[in-house]
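Okay, here's what each chain looks like letter by letter:
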Amino acid sequence: MALPLILRLGSQYCGKRIKTCRRKFSSVPLNPVSGLNVFDSFSKKKSPLLTKQPNVLTWYICGPTVYDFAHIGHAWCYMNFDIMRRVLEQYFNLNVIQVMNITDIDDKIIQKAIDEKLDFKEVSSKYEMAFLNDLGSLSVQKPTVLTKVSDFIPQIISFIEALLHRELAYTTNDGSVYFNINAYEKKYKYGKLKPFQISMAESKNSNNSNDFALWKAAKSDAEPSWAPSWGGKGRPGWHIECSAMASYVFGSWVDVHSGGIDLLFPHHENEEAQCCAYHEIPQWVGHWIHSNLLRLSGGTKMSKSLKNTVSIKEFLQTYSADQFRMMCLISSYRNDIELTEASLRLAKDFLDVVRVFVTECRFFLRNNTVLQSSINSKLLLTTLVETESMVKSYLGDDFNTAQATSAVRKLILLTRKEINNSNTVNRKATDHNPGIAAVASVLNFVSKYFSNLGLTSAGDSVDTTETDASSIIDNFVEFRSQVRQCALDMKSNQQGKDDSVDAVNTRKILLTACDRIRDDLKLKGIQLKDQEKTTTWTLMR
């Protein structure tokens, strides 16, 4: 039911005349998203993100070829795009319409089906389901629309027929169809994303070595194939699939197209060329966004052909989805990142800082009805306002989550310092305590920030297990506090009197036991603070 909704949205805004912000090669009226600049692989610079419809962003993202389980390098790409989508929706109030493809027809899928004596759809369905489950385990949001190549064969054939009609493609003797780059160059520009030198050399299969396949003739009856109007049987080439499916949903303009940097050329270059030729336009995509690669230690590329990949499922047996997401948040999507124990430990350490912060804030807010602590509320609230502004600015600067998260970390550390260094002050029960509201405001902001960006355990609240544990610690500390106060009261009540040996020994035993419990808890990461008549506790970091 999602696809017709998308098409209706498209028909509503495609005909509108709106205030324009025109871009090179584009005759489409566009709207800049206020405060958001994104690096574009076409212009090779940061520029305002533009949308055709105000407050609606159309986005096509290249999905997987489902012939095997997805690995953590794939996850890096999709996690980065998920974070971007959350930023666009949560901080720039955009209605993001995201389409992702599933390539379920491919040489590798066909070969695996032959090897395992299965239908190609059985193979592709198995790995498609595994891929979607993996994304769910990483808390990556589902695309608005998921398109599968095998469901779009008629649209792909129609797309190729249009290119043949315009003489921008040609058939070969076996029924294959190739895109004619030389003919295309007479009307449009090829090599927008990467400088390209046109070669005149002939190829074994095509008229020119630069030309690429739109339709591949079937090699045998064992392959899945369809009969097009130009004769013979065959199946789609790789590049044409995305062009046809994206055009079917979005038409002649896509605000954002994204994928891994390894898809920039030739895949995305060829997509752009096919769509410009089909729609007879100079530019099809408004903004090209590419995520760089996740490499292994030493900079080695992660590749199934090198047999050095780590599946998402295997990775999550050792590390958490939040740990991986935090690694993305403190990095840049445009930089190559190495997957090392050090990088993962850094992410875990940051998660621990956030979790301890959330816990300490909750303990402070709970205990402060009894413990009248002095907090510099003005400093906290001023820093909070500054941090909110910096976060929005950094996120608008090409999704700079590393700087935004660093600013949030500084606010966290300042708040923890205020909480842990606070002193007890004498206040009447009716006196105003501004520290409570200040700490609560910071806690809400920090929790919402990480929750907005997809963290499930750190940004929202302390989980149920920790809450139950804190209640147990509360009860234990309260019991110790009563015992300690009883011992102190015994001492004060005996002032000026002759203490009995039993009373002295009892008092000494109780206070020694209280001190020993305090020291033992400290070794376990729980610090007790004995005040005049109360005791509070915090988690140590």
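Everything numeric here is computed off the predicted structure, so don't read it as measured data. Residue positions are given per chain, counted from 1 along the sequence in the order it is written. Totals for whole chains, interfaces and linings use all residues, but because this is a predicted model, local features are given only for residues with pLDDT of at least 70 and pairs of side-chain atoms are given and counted only at 80 or more. Only hydrogens and water are set aside; all other atoms, that is, all heavy atoms of the structure, feed into the side-chain values.

Q: Which parts of the structure should I look at to understand the sheet that holds strand E11 (residues 285–291)?
A: In a beta sheet, neighbouring strands are held together by backbone hydrogen bonds and run either parallel or antiparallel to one another. Following DSSP output, two strands are said to pair if at least two bridges run between them. Numbering of helices and strands runs from the N terminus, with a helix taken as a DSSP run of H or I at least four residues long and a strand as a DSSP run of E at least two residues long. The strand order across the open sheet built from five strands is E5-E4-E3-E10-E11, with neighbouring strands paired in parallel fashion. Lying at the two open borders of the sheet, with one neighbouring strand each, are strand E5 (145–148) and E11. For this sheet, the mean angle separating the axes of adjacent strands, direction not counted, is 20 degrees. With four bridges connecting them, strand E4 (residues 95–102) and E5 associate as parallel partners. Axis geometry follows a simple rule: fit a line to the C-alpha atoms, using only the stretch in contact for helices, then measure angles between N-to-C directions, giving values from 0 to 180 degrees.

Q: When you look at the packing of helix H5 (residues 153–165) against helix H7 (residues 238–250) in this model, what are you seeing that I'm missing?
A: To characterise two packed helices, one gives the angle between the axes of the helices and the distance between these axes. Closest axis-to-axis distance for the H5/H7 pair is 9 Å, and the angle between their directions is 100 degrees. Between H5 and H7, the crossing angle belongs to the class labelled roughly perpendicular. Where H5 abuts H7, its residues Gln-155, Ile-156, Phe-159 and Ile-160 lie against Ile-240, Glu-241, Ser-243, Ala-244, Ser-247 and Tyr-248. Here the angle decides the label: under 35 degrees means roughly parallel, over 145 means roughly antiparallel, 65 to 115 means roughly perpendicular, and every other value means oblique. For this analysis, residues touch if any pair of their heavy atoms sits within 4.5 Å.

Q: Explanation requested: the confidence of the model for the chain in the structure shown.
A: Low pLDDT means the predicted coordinates in that region are not meant to be read closely. For the chain, mean pLDDT is 87; residues scoring 70 or higher make up 86% of the total. Note on residues 1–25: pLDDT is under 50 here. Beyond four places in sequence and across chains, it has 48 contacts. What pLDDT reports is the predictor's confidence in each residue, on a scale of 0 through 100. Contacts for the low-pLDDT stretch residues 459–465, under 50 throughout, to residues beyond four places or in other chains number 13 contacts.

Q: Help me out: how do you make sense of helix H13 (residues 401–420) in this one?
A: Since there are 3.6 residues in each turn of an α-helix, residues three or four apart along the chain are aligned in direction. The end-to-end C-alpha distance of H13, which contains 20 residues, comes to 28 Å, matching closely the 28 Å that a straight helix rising 1.5 Å per residue would cover. Only protein chains enter the accessibility calculation, which uses a 1.4 Å probe; a residue is then buried when its area is under 20% of its type maximum, exposed when over 50%, and partly exposed in between. Along H13, the positions that sit buried rather than exposed are Thr-401, Ala-404, Thr-405, Ala-407, Val-408, Leu-411, Ile-412, Thr-415, Arg-416, Glu-418 and Ile-419. In this analysis, the expected span of each helix is defined as 1.5 Å times one less than the number of residues it contains.

Q: Help me out: how do you make sense of the packing of aromatic side chains in this one?
A: Aromatic rings from Phe, Tyr and Trp, with only the six-membered ring used for Trp, were paired whenever their centres fell within 6.5 Å, and each pair was classed as stacked if the ring planes differed by under 30 degrees, edge-to-face if by over 60, and tilted otherwise. Considering all chains together, one arrives at 18 aromatic pairs under this definition. Centroid distance Phe-69 to Tyr-127: 5.0 Å. Interplanar angle 80 degrees. Geometry classified as edge-to-face. On the criterion of sequence distance, the pair formed by Phe-69 in the loop between strand E3 (56–61) and helix H2 (72–90) and Tyr-127 in helix H4 (residues 120–137) is long-range, its members being 58 residues apart. Accessibility expressed as a relative area gives 42% for Phe-69, which makes it partly exposed. Judged by centre distance (4.1 Å) and plane angle (45 degrees), the rings of Phe-363 and Trp-537 are tilted. Of this pair, Phe-363 sits in helix H11 (residues 341–367) while Trp-537 sits in strand E15 (residues 535–539); the two residues are 174 residues apart in sequence, bridging distant segments of the chain.

Q: Which parts of the structure should I look at to understand the pairing of strand E8 (residues 213–217)?
A: Consecutive side chains along a regular strand alternate between the two faces of the sheet. Summarising burial for E8: four of the five residues are buried, a large majority. Relative to E8, strand E7 (residues 177–179) is paired through two bridges, and the arrangement is antiparallel. Note on E8: the bridge partner recorded for Val-177 is Trp-215. One ladder, built from three bridges, connects E8 with strand E9 (residues 234–236); its direction is antiparallel.

Q: Honestly, the pattern of salt bridges in this entry has me stumped. Any pointers?
A: Where side chains of opposite charge bring their charged atoms close, a pairing between them can arise. In what follows, salt bridge is the name for a side-chain nitrogen of Lys or Arg lying within 4 Å of a carboxyl oxygen of Asp or Glu. Using the criterion set out here, one finds 20 salt bridges in the structure. Notably, a salt bridge pairs Glu-272 with Lys-192, separated by 2.9 Å at the nearest N-O pair. One end of the pair, Glu-272, is in helix H8 (residues 264–279); the other, Lys-192, is in the loop between helix H6 (181–185) and E8, and 80 residues separate them in sequence. With relative accessibility at 3%, the residue Glu-272 sits in the buried group. When its relative accessible area of 10% is taken as the criterion, Lys-192 is described as buried. With a closest N to O distance of 3.3 Å, Asp-515 and Arg-518 form a salt bridge. Pair noted here: Asp-515 and Arg-518 are both in helix H16 (residues 501–523), with a separation of three residues, about one helical turn. Residue Asp-515 is classed as partly exposed on the basis of its relative accessible area, which comes to 33%. Ionic contacts of the salt-bridge type, sharing partners, join the residues Arg-480, Arg-484, Asp-515, Arg-518, Asp-519 and Asp-530 into one network.

Q: Hey, could you run me through the environment of Glu-418 in this one?
A: With respect to the helices and strands, Glu-418 occurs in helix H13. The sequence separation of Glu-418 and Leu-379 amounts to 39 residues, and the corresponding C-alpha distance is 9.6 Å. Look past the residues within four positions of Glu-418 in its chain and what remains in contact with it is Ile-375, Asn-376, Leu-379 and Leu-380.

Q: Got a minute to help me understand the pairing of E3 in this structure?
A: Judged by how many residues are buried, E3 sits mostly within the fold: six of six residues are covered. Judged by which residues are buried, E3 turns out to be covered on both faces: Val-56, Thr-58 and Tyr-60 on one side and Leu-57, Trp-59 and Ile-61 on the other are all buried. By convention, a crossover is right-handed whenever its connection, traced from the first strand over the helix to the second and viewed with the strands pointing away, goes clockwise. For the segment spanning E3, H2 and E4, crossover handedness is right-handed. Here E3 pairs with strand E10 (residues 254–260) via three bridges, running parallel. Residue pairing across strands places Trp-59 opposite Val-256, the latter belonging to E10.

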